[in-house]
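These are the residues of each chain, in order.
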Amino acid sequence: MANKHYEVIVIGGGISGAALFYELAKYTDVKSIALLEKYDALSTLNSNGTSNSQTIHCGDIETNYTVEKAKSVKRTAKMVEKYCLQYGYENKFMFAHQKMAIGVGDDEVNYMRKRHEDFKELFPYLEIFEKEKLKEIEPKLIFDEHGNERPEKILGVGVEGGQWSTVDFGKMSESLVENAQKVENTITDVFFNAQVTSIKQIGKKHELVAGGETYTADFVVVNAGAHSLYLAHRMGHGTNYGCLPMAGSFYVTTKKILNGKVYMVQHPKLPFAALHGDPDILLNGFTRFGPTALALPKLERYHGNSTVIDFIRTLRFDANIAKIFKDLLVDSDIRSYILRNFMFEVPYINKRLFVKDARKIVPSLQLEDIEYADGFGGVRPQVLDKENQKLMLGEASVNPGTGIIFNMTPSPGATSCLGNAERDTKLVCEHLGKVFDHEKFCKDLVD
Ligand SMILES: Cc1cc2nc3c(=O)[nH]c(=O)nc-3n(C[C@H](O)[C@H](O)[C@H](O)COP(=O)(O)OP(=O)(O)OC[C@H]3O[C@@H](n4cnc5c(N)ncnc54)[C@H](O)[C@@H]3O)c2cc1C
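Attention in this report is confined to the structure presented alongside it.

Rules and cut-offs
- Residue numbers restart at each chain and count upward from 1, following the sequence in its written direction.
- Local features in a predicted model are, by the rule used here, given only for residues with pLDDT of at least 70; side-chain atom pairs are given and counted only at 80 or more, and totals for whole chains, interfaces and linings are based on all residues.
- In this text, helices come from DSSP runs of H or I with a minimum length of four residues, and strands from runs of E with a minimum of two, each type numbered from the N-terminal end.
- Every C-beta atom is placed from the backbone, and the number of other C-beta atoms within 10 Å of a residue's own sets its class: buried at 20 or more, exposed at 12 or fewer, partly exposed in between.
- Nearness is defined per residue: the C-beta atom, placed using the backbone, must lie within 6 Å of the molecule or strand.
- Only Asp, Glu, Lys and Arg are considered charged in this grouping, and only Ala, Val, Leu, Ile, Met, Phe, Trp, Tyr, Cys and Pro are considered nonpolar; every other residue, Gly among them, is considered polar.
- Fitted lines through C-alpha atoms serve as axes, helices being fitted only where they are in contact, and the angles separating the N-to-C directions of these axes extend from 0 to 180 degrees.
- Small angles under 35 degrees read as roughly parallel and large ones over 145 as roughly antiparallel, with 65 to 115 read as roughly perpendicular and the rest as oblique.
- We call a crossing left-handed when the near helix sits turned anticlockwise from the far one by less than a right angle, and right-handed when that turn is clockwise.
- We call two residues in contact when their backbone-placed C-beta atoms lie within 7 Å.

Considerations on the environment of Gln366
Phase 1: With respect to the element layout, Gln366 can be found in the loop between α10 (349-358) and β18 (370-372).
Phase 2: Taking the number of C-beta atoms within 10 Å as the measure of exposure, Gln366 has 10 and is therefore exposed.

Thoughts on the site of the ligand
Phase 1: Taken together, 42 residues surround the ligand, and among them Gly12, Gly14, Gly225, Gly248 and Gly413 come closest.
Phase 2: Looking at the shell around the ligand, the elements with two or more residues in it are α1 (15-27) and β19 (379-385).
Phase 3: A per-element tally of the shell around the ligand places α1 first, with 3 residues.
Phase 4: For the shell around the ligand, the residue count by class is 13 nonpolar, 26 polar and 3 charged.

Focus: the packing of α1 against helix α11 (residues 417-432)
Phase 1: In contact at an axis separation of 8 Å, α1 and α11 are set at 50 degrees when each is read in the N-to-C sense. With respect to each other, α1 and α11 are oriented oblique. Of the two elements, α1 crosses α11, and the hand of that crossing is right-handed. Contacts between α1 and α11 involve Ile15, Ser16, Ala19, Leu20, Glu23, Leu24 and Tyr27 from the former and Cys417, Leu418, Asn420, Ala421, Glu422, Asp424, Thr425 and Val428 from the latter.
Phase 2: Here the contact of α1 with α11 is built from residues that sort into 9 nonpolar, 3 polar and 3 charged.

In short, the description is geometric, and any link to function would need to be established separately.
Next up, the structure:
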């Protein structure tokens, strides 16, 4: 059988791959695009609605973002909103919930007031919620199990409604692929059960083997989550990076406890977002607390141990990686954070410890109110930068300039899917001499 040739092949049918597939079809003159997905459906891993917190992270309540970072994520977060509104997906898989970040105790309350000052120009809709207002709009933040008010000072900064806050990114991936395939005069093929096992550069093209078939492409973009770096290393690219998969688990409540999203002030030393409570759009709005942060020696969760070897190869353990781990472990705050997050996975102790932490948000929370959410929570492919001996917190790309790009997209990668795809669409078009109708793109998704 003849090889299947495409101008562009996208590897990975999560939200990143789906967004790029859509943008290439809708806004460029690329004539043939294929999406190769390892499993039998789109977004079965990290982009699934059960794997992440379903939050459009635009920077208004994420206290670990600086104003600069918030500015850049706000632009890409708006693209998600605009895409969904363009097709009428609001209240289907995009929802507007009340949302806020809370400060508890004198220091955090002062911090939140200052943060409001710093961020109000960028997010003019943000309001300060004093204790009396919180009693009305999010009463579980205030009262303990005996109906007494919590003794500490508390302050919320957020918005009661009117801002799109929540998306089922799994459903959004499906819509992106469906809408790409509606574009006329462009070949938009999707192949499931097509795990890419080898990529070779042959002249200016790439030859890929996936699911027993051979494909060739003028340009390849690898959006395979933690496996992106694995595939890059196999081609000899990105060897200055290692990957540390950080799993995030959740606890669900047996009823609706919070009316909206409640985030907490980030401990400045800790690398991952502080625990938060979110109404789960797949569980009737019951509150989901999490995520935890646990280093996991495999690239995919809930798929047996088949990716343990892939993890070992992708970590590329050496003296630089050892130094990164040593620097993390030397700090007592980070050490106890790692230990505590490990304990959140140990049966019996886990729930008891977790409920204590979650009581900082809901003081009345009881052991019987929460359950470990089995099968929930994905893996964040955190990148270890060997040259600078640092754990990178955001996204990373490896672009050798030879017509292939490898993307690693930990949180907030789902929010930035259309923005990342915009960047890659530009690169693909520059390389292939194709036209990206950026004006139309901006009209639809930015302006
Ligand atoms: C606990 C947790 C909470 C999070 N919360 C949020 C949030 O609230 N908001 C937000 O914006 N982001 C959040 N994120 C991050 C977000 O989920 C990810 O950034 C996003 O889902 C990444 O999408 P992706 O398409 O790059 O990767 P994935 O969703 O992992 O998709 C990769 C795809 O590639 C496929 N694949 C892998 N290897 C191959 C191969 N060899 N051949 C073919 N296909 C392959 C996989 O099967 C998969 O379908 C969270 C992540 C976690 C873990």
